[in-house]
Amino acid sequence: MSTVPAILALADGTVFKGTAIGAVGHTVGEVVFNTAMTGYQEILTDPSYTKQIVTLTYPHIGNVGANSEDAESGAVFASGLIIRDLPLLHSNFRAEVSLSDYLKANNTVAIADIDTRKLTRILREGGAQAGCIMAGDIDEARAIELAKGFGSMAGQDLAQVVSCEAAYKWTTREWRLGAGYTEQTEPRYHVVAYDFGVKHNILRMLAERGCKLTVVPAKTPACDVLALNPHGVFLSNGPGDPEPCDYAITAIREILETRTPVFGICLGHQLLGLAAGGKTSKMKFGHHGANHPVQDLDSGRVMITSQNHGFQVDETSLPANVRITHRSLFDGTVQGIALTDRPAFSFQGHPEASPGPNDVAYLFDRFITAMDEQA
């Protein structure tokens, strides 16, 4: 086990002392807490966590190691990781490396052996705040200074930062035990997916349902997307504040005018709300976890969902042609919307899970139905 010292310094001056379990150095970002019990590798590689340091509230993290199949992107995007305890051993038939070795290989600064319950209470009561993990040569005053200098996630357009540089095709389907990932053979639909920080499992679930995917950069104009003659357009998850993404909002408005079916997730949900005429706002500490109850207002069904967002669509700002379809049972915030005059809808949480339950996977089927009806 590592004996390299590390600290976590918050912008309010609070300092936690622990042990380094990743790269030596320092990192800064917005400190958030995630209540998922599993899926730490998927969380680390979710581009939506760009410029965020993730605190996992479950005490034992690293039990199953890490592998090459569970990444949700091509890199670790979280700015850092905070956990209570790193097990001495990891054990899983799919494991290839330990969590600590995975963090070091991806140059990710991380800390263990701190009171994550105390940290979570601070974030719940005071809201998410900037922090700095410093591993190796420790300078508490410098760490606090770095945390204070980070600022806020509000106003940061990060979608274009994490997006792909050029369009590409995606044909890989969902993972199956004994087979791994398989390739699509006979697609029925052509879907253009905007990459605002897209998770791979979203693309896999669309491919599984017969969608031939063209993934395009975040700043792709609507005319270029429509020139591809898609059956539908998908708006992906992603990091940062949705309001500065004026390029995306403009493109979505133009696509909506053509009555092309549109489906958005997470940041894509917020951007659809903005394109429809609504507003968004920063939440106190956001929703991050895999155990959040959400109600489908059309069916009355309550689902357990995966969540990762720090901004929300403001319900009172939505125009008359936008109806609320899903609501969080934690705090009542908007979790889903649908346009009444266009084949467009969105969901705030993550129906593709990874990690998390699959209760909301039916929304992908709803997107397929929308494309069938427009054909």
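## Details of the overall build of the protein chain
Step number 1: Across its full length, the protein chain carries ten helices and 19 strands.
Step number 2: Radius of gyration (C-alpha) of the protein chain: 20 Å, near the 21 Å computed for a compact globule of 375 residues.
Step number 3: For the C-alpha atoms alone, the extent of the protein chain along its principal axes is close to 60 × 50 × 40 Å.
Step number 4: Buried residues in the protein chain amount to 59% of all 375 residues.
Step number 5: Of the contacts made within the protein chain by residues no fewer than 6 positions apart, 75% connect residues no fewer than 24 positions apart.
Step number 6: Summed over its atoms, the accessible surface of the protein chain is roughly 14800 Å², and 49% of this surface lies on carbon and sulfur atoms.
Step number 7: In the protein chain, the 30 positive side-chain charges and the 41 negative ones have mean positions that sit 3 Å from each other.

## A few points about the sheet that holds strand E3 (residues 25–34)
Step number 1: Taken in spatial order, the seven strands of this closed barrel run E1-E2-E6-E5-E4-E3-E7, and their pairing is mixed. The sheet shows a mean angle of 35° between the axes of neighbouring strands, direction not considered.
Step number 2: Sheet topology note: the strand E1 (residues 5–10)/strand E7 (residues 129–135) ladder contains five bridges and is antiparallel. Paired with Ala-6 across the bridge in E7 is Ala-135.
Step number 3: Along the sheet face, helix H3 (residues 116–126) touches E1, strand E2 (15–20), E3, strand E4 (52–56), strand E5 (80–82) and E7 and points at about 70° away from the line of E3.
Step number 4: Helix H4 (residues 140–148) rests against E1, E2, E3 and E7 of the sheet, and its axis sits at about 145° to E7.

## A closer look at the pattern of salt bridges
Step number 1: In total, this model carries 14 salt bridges according to the counting rule given.
Step number 2: For Arg-204, the salt bridge is made with Glu-72, and the minimal N-O distance between the two is 3.4 Å. Placement of Arg-204 in helix H6 (residues 200–208) and of Glu-72 in the loop between E4 and E5 is noted, with a sequence separation of 132 residues between them.
Step number 3: Between Glu-208 and Arg-176 there is a salt bridge, with its nearest N and O atoms 2.5 Å apart. In this pair, Glu-208 is assigned in helix H6 and Arg-176 in strand E9 (residues 172–176), connecting sequence segments 32 residues apart.
Step number 4: Of the residues examined, Arg-176 reaches a relative accessible area of 38% and is grouped as partly exposed.

## Thoughts on the sheet that holds strand E12 (residues 211–217)
Step number 1: Ordered in space as E8-E12-E11-E13-E14-E19-E18-E17-E15-E16, the ten strands form an open sheet in which the pairing is mixed. Only two strands of the sheet have a single neighbouring strand rather than two, namely strand E8 (168–170) and strand E16 (302–313). Averaged over all pairs of adjacent strands, the angle between their axes in this sheet comes to 25°, without regard to strand direction.
Step number 2: Alignment of E8 against E12, held across three bridges, turns out to be antiparallel. Bridge pairing in E12 links Tyr-168 to Val-215.
Step number 3: Those strands touched by H6 are E8, strand E11 (189–195), E12, strand E13 (232–235) and strand E14 (262–265), and its axis lies near 150° from that of E12.

## Quick word on the pairing of E9
Step number 1: Pairing analysis gives three bridges linking E9 to strand E10 (residues 180–183), with the strands arranged antiparallel. Note that in E10 the partner of Arg-176 across the bridge is Gly-180.

## Quick word on the pairing of E2
Walk down a regular strand and you will see the side chains alternate between the two sheet faces.
Step number 1: Bridging between E1 and E2 involves five bridges; their strand directions are antiparallel. Counterpart to Pro-5 in the pairing with E2 is Thr-19.
Step number 2: Joining the antiparallel neighbours E1 and E2 is a turn of four residues, in which Gly-13 adopts a positive phi near 100°.
Step number 3: As paired elements, E2 and strand E6 (residues 109–112) share two bridges and run antiparallel to each other. From the neighbouring strand, Thr-19 faces E6, where its bridge partner is Ala-112.

## Quick look at the packing of aromatic side chains
Step number 1: Counted according to the given criterion, the structure contains six aromatic pairs.
Step number 2: Pairing Phe-234 with Phe-263 gives two aromatic rings, centres 5.6 Å apart and planes at 70°, and the pair type is edge-to-face. Of this pair, Phe-234 sits in strand E13 while Phe-263 sits in strand E14, placing them 29 residues apart in sequence.
Step number 3: Look at Phe-263 and Phe-345: their rings are 4.7 Å apart centre to centre, the planes differ by 20°, and that puts the pair in the stacked class.

## A few points about H3
Step number 1: For H3, the complete set of buried residues consists of Thr-116, Leu-119, Thr-120, Ile-122 and Leu-123. End-on, the buried residues of H3 take up no more than an arc of 155°, which puts them together on one face. In this structure, H3 carries Arg-117 and Glu-125 as exposed residues pointing more than 90 degrees from its buried face.
Step number 2: Measuring from the side-chain oxygen of the N-cap residue of H3 to the backbone nitrogen of Arg-117 gives 3.2 Å; that N-cap residue is Asp-115.
Step number 3: Positive backbone phi, at 95°, marks Gly-127, one or two positions downstream of H3.

Rules used throughout
- Residues numbered from 1 in each chain as written.
- Predicted model: local features only at pLDDT ≥ 70, side-chain atom pairs only at ≥ 80, totals over all residues.
- Heavy atoms only, no water.
- Helix = DSSP H or I, 4+ residues; strand = E, 2+ residues; numbered from the N terminus.
- Rg over C-alpha atoms; globule rule 2.2 N^0.38 Å.
- Buried < 20%, exposed > 50% of the residue type's maximum accessible area, 1.4 Å probe, protein only.
- Contact = heavy atoms within 4.5 Å.
- Areas by Shrake-Rupley, 256 points an atom, 1.4 Å probe, with all protein chains shown as cover.
- Lys, Arg positive; Asp, Glu negative; His and termini not counted.
- Charge placed at Lys NZ, Arg CZ, Asp CG, Glu CD.
- Pairing = 2+ DSSP bridges.
- Axes fitted to C-alpha atoms, helices over the stretch in contact; angles between N-to-C directions.
- Salt bridge = Lys/Arg side-chain N within 4 Å of Asp/Glu carboxyl O.
- Phe/Tyr/Trp six-rings, centres within 6.5 Å; stacked < 30°, edge-to-face > 60°.
- Arc of directions from axis to C-beta.
- Polar contact = N/O pair within 3.5 Å; in protein donor to acceptor, adjacent residues only side chain to side chain.

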